[in-house]
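Fold and contact review
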Amino acid sequence: MEKNNTSHEKFKSKIGGQALIEGIMMLGPNTGAMACRLPDGTIDLETWEENNGKNAPWYKKTPLVRGCTSFVTSLTKGYKYMMKSAEKQITDEDEDDSKDKKKKKKQEKAAETKAESAPAAADEAVGEEKAAPAEAESSTDSAKTAAAGKKKEEEKSSFDIFMYIGIFVGIALAIGLFVFLPKWLVAFIPGIKEHRIIRSFLEGIVKIALFVSYMYIVSLTKDIRRQYMYHGAEHKTIACHEAELPLTVENVRSQTRFHKRCGTSFIFIVLIVSILVMCLVPFSVTWQRIVASLVLLPLVVGISYECIRLAGNNDNLFTRILSAPGLAMQRITTREPDDSMIEIAIAAMKPCIPEDKEEDKW
């Protein structure tokens with residue numbers, strides 16, 4: 001049976017995370033880290049600087065504004081490191097197979113070219129090859145090094161382009177599924193245009209139904225189930241840190257996998273706040289309501305972020321009601337992890353803990 005250590009928590013940490021492909025990303029006040037389990041069983045750890053502490057810029061501290069900033073940052077970094085974690089699962093054998101296929105194609109093409117060439121041209125090429133000076137070999141090596149460097153830069157540029165395309169497509173799909181579709185469906189109800197508040201609540205109910213259905217359906221796949229297990233490991237490790245216990249597999253294993261400040265809870269609060277905000281919008285035409293939803297999205301996200309901060313810092317009837325839907329949803333989006341996953345979460349967490357404990361307080 002799962003043990004809930006909420007009563008032992010002495011503080012709320014700023015450190016948050018995200019489950020990746022066979023890995024976890026953690027973001028602390030001054031450091032971010034990504035730990036992944038490589039195909040050979042070892043743990044790969046990457047760290048980088050963050051600026052979410054006391055010296056963070058104004059837009060990361062100002063109420064309402066900080067919610068939008070945090071949302072955009074989480075979206076871009078989450079996608080970036082999700083892609084990087086996927087790349088780390090490619091083995092040398094996979095790369096060798098790919099290289100062998102390319103090499104074989106080149107050889108076949110070269111054979112075709114030689115077959116079509118005149119014998120005299122072939123003899124001339126052989127003669128030139130024998131006469132080539134030793135310096136040519138050095139020049140060739142330098143050219144190969146330069147070409148390899150250029151190729152890496154091109155691959156990085158291509159990765160960045162695909163990353164932003166992926167983010168754009170993801171946002172477009174989210175808008176279509178959770179903004180356009182609910183409003184379009186509810187608009188078919190006879191006489192609904194005259195009842196603005198009822199219409200807003202019905203649109204919200206459709207959004208929530210679509211969200212829950214989507215998360216449940218994807219949870220049925222094997223890869224997503226494993227990712228949800230890593231999500232559980234992330235939550236348990238943060239709970240262990242907030243309980244001020246040593247970060248060991250045994251201590252983390254006993255923690256709860258449900259957390260008030262989870263991204264799942266945040267999305268639920270966004271859905272609830274969007275219902276209340278749309279009740280104030282006077283438009284009755286469907287396309288006008290869609291435009292209003294998009295224009296008001298930064299405000300909705302900003303309010304929702306302040307709500308989740310409130311829920312994370314307080315434990316009363318209001319915050320329990322506010323947190324209840326998100327915590328219930330985490331029964332789908334988190335699973336009990338195995339010890340190897342907990343090891344990954346601990347590896348990602350440790351570099352993110354600041355020396356000054358005050359900087360870590362939520």
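Residues numbered from 1 in each chain as written. Predicted model: local features only at pLDDT ≥ 70, side-chain atom pairs only at ≥ 80, totals over all residues. Heavy atoms only, no water.

What follows concerns the overall build of the protein chain. Looking only at helices and strands, one finds 11 helices and four strands in the protein chain. When each of the 362 residues of the protein chain is scored for burial, the buried share is 36%. Within the protein chain, contacts between residues at least 6 apart in sequence are counted, and of these 71% link residues at least 24 apart. Accessible surface computed for the protein chain: about 21200 Å², of which carbon and sulfur atoms make up 62%. (Helix = DSSP H or I, 4+ residues; strand = E, 2+ residues; numbered from the N terminus. Buried < 20%, exposed > 50% of the residue type's maximum accessible area, 1.4 Å probe, protein only. Contact = heavy atoms within 4.5 Å. Areas by Shrake-Rupley, 256 points an atom, 1.4 Å probe, with all protein chains shown as cover.)

Right, let's talk about the packing of aromatic side chains for a bit. Across all of its chains, the model carries seven aromatic pairs by this definition. When the centroid spacing of 4.2 Å and the interplanar angle of 5 degrees are considered together, the rings of Trp-48 and Tyr-81 count as stacked. With Trp-48 in strand S4 (residues 43-49) and Tyr-81 in helix H1 (residues 65-87), the pair connects residues that are 33 residues apart, well separated along the chain. Given the relative accessible area of 16%, Trp-48 is considered buried. Centroid distance Phe-211 to Phe-268: 5.7 Å. Interplanar angle 80 degrees. Geometry classified as edge-to-face. Residue Phe-211 is located in helix H5 (residues 196-219), and its partner Phe-268 is located in helix H8 (residues 263-278); the two are separated by 57 residues in the primary sequence. Its relative accessible area of 7% is what places Phe-268 among the buried residues. (Phe/Tyr/Trp six-rings, centres within 6.5 Å; stacked < 30°, edge-to-face > 60°.)

Following both chains from N to C, one finds helix H6 (residues 222-242) and helix H11 (residues 339-349) inclined at 55 degrees, their axes separated by 9 Å at the closest point. It follows that H6 is oblique to H11 by the angle criterion. As H6 packs across H11, the resulting crossing turns out to be right-handed. Taken together, the residues of H11 that come into contact with H6 (itself represented by Arg-226, Met-229, Tyr-230, Ala-233, Glu-234, Thr-237, Ile-238 and His-241) are Met-341, Ile-342, Ile-344, Ala-345, Ile-346 and Met-349. Of the residues in the contact of H6 with H11, the class split is 10 nonpolar, two polar and two charged. (Axes fitted to C-alpha atoms, helices over the stretch in contact; angles between N-to-C directions. Parallel < 35°, antiparallel > 145°, perpendicular 65-115°, else oblique. Left-handed = near helix turned anticlockwise from the far one by under 90°. Nonpolar A, V, L, I, M, F, W, Y, C, P; charged D, E, K, R; others polar.)

This part is about helix H10 (residues 317-333). If you check H10, its first and last C-alpha atoms are 24 Å apart, about what 17 residues at 1.5 Å a residue would give, namely 24 Å. Looking at the packing, one finds that the buried side of H10 touches H5, H6, H8 and helix H9 (286-313). Between the side-chain oxygen at the start of H10 and the backbone nitrogen of Phe-318 there is a gap of 3.1 Å, and the oxygen is on Asn-316. (Expected span 1.5 Å × (residues − 1). Polar contact = N/O pair within 3.5 Å; in protein donor to acceptor, adjacent residues only side chain to side chain.)

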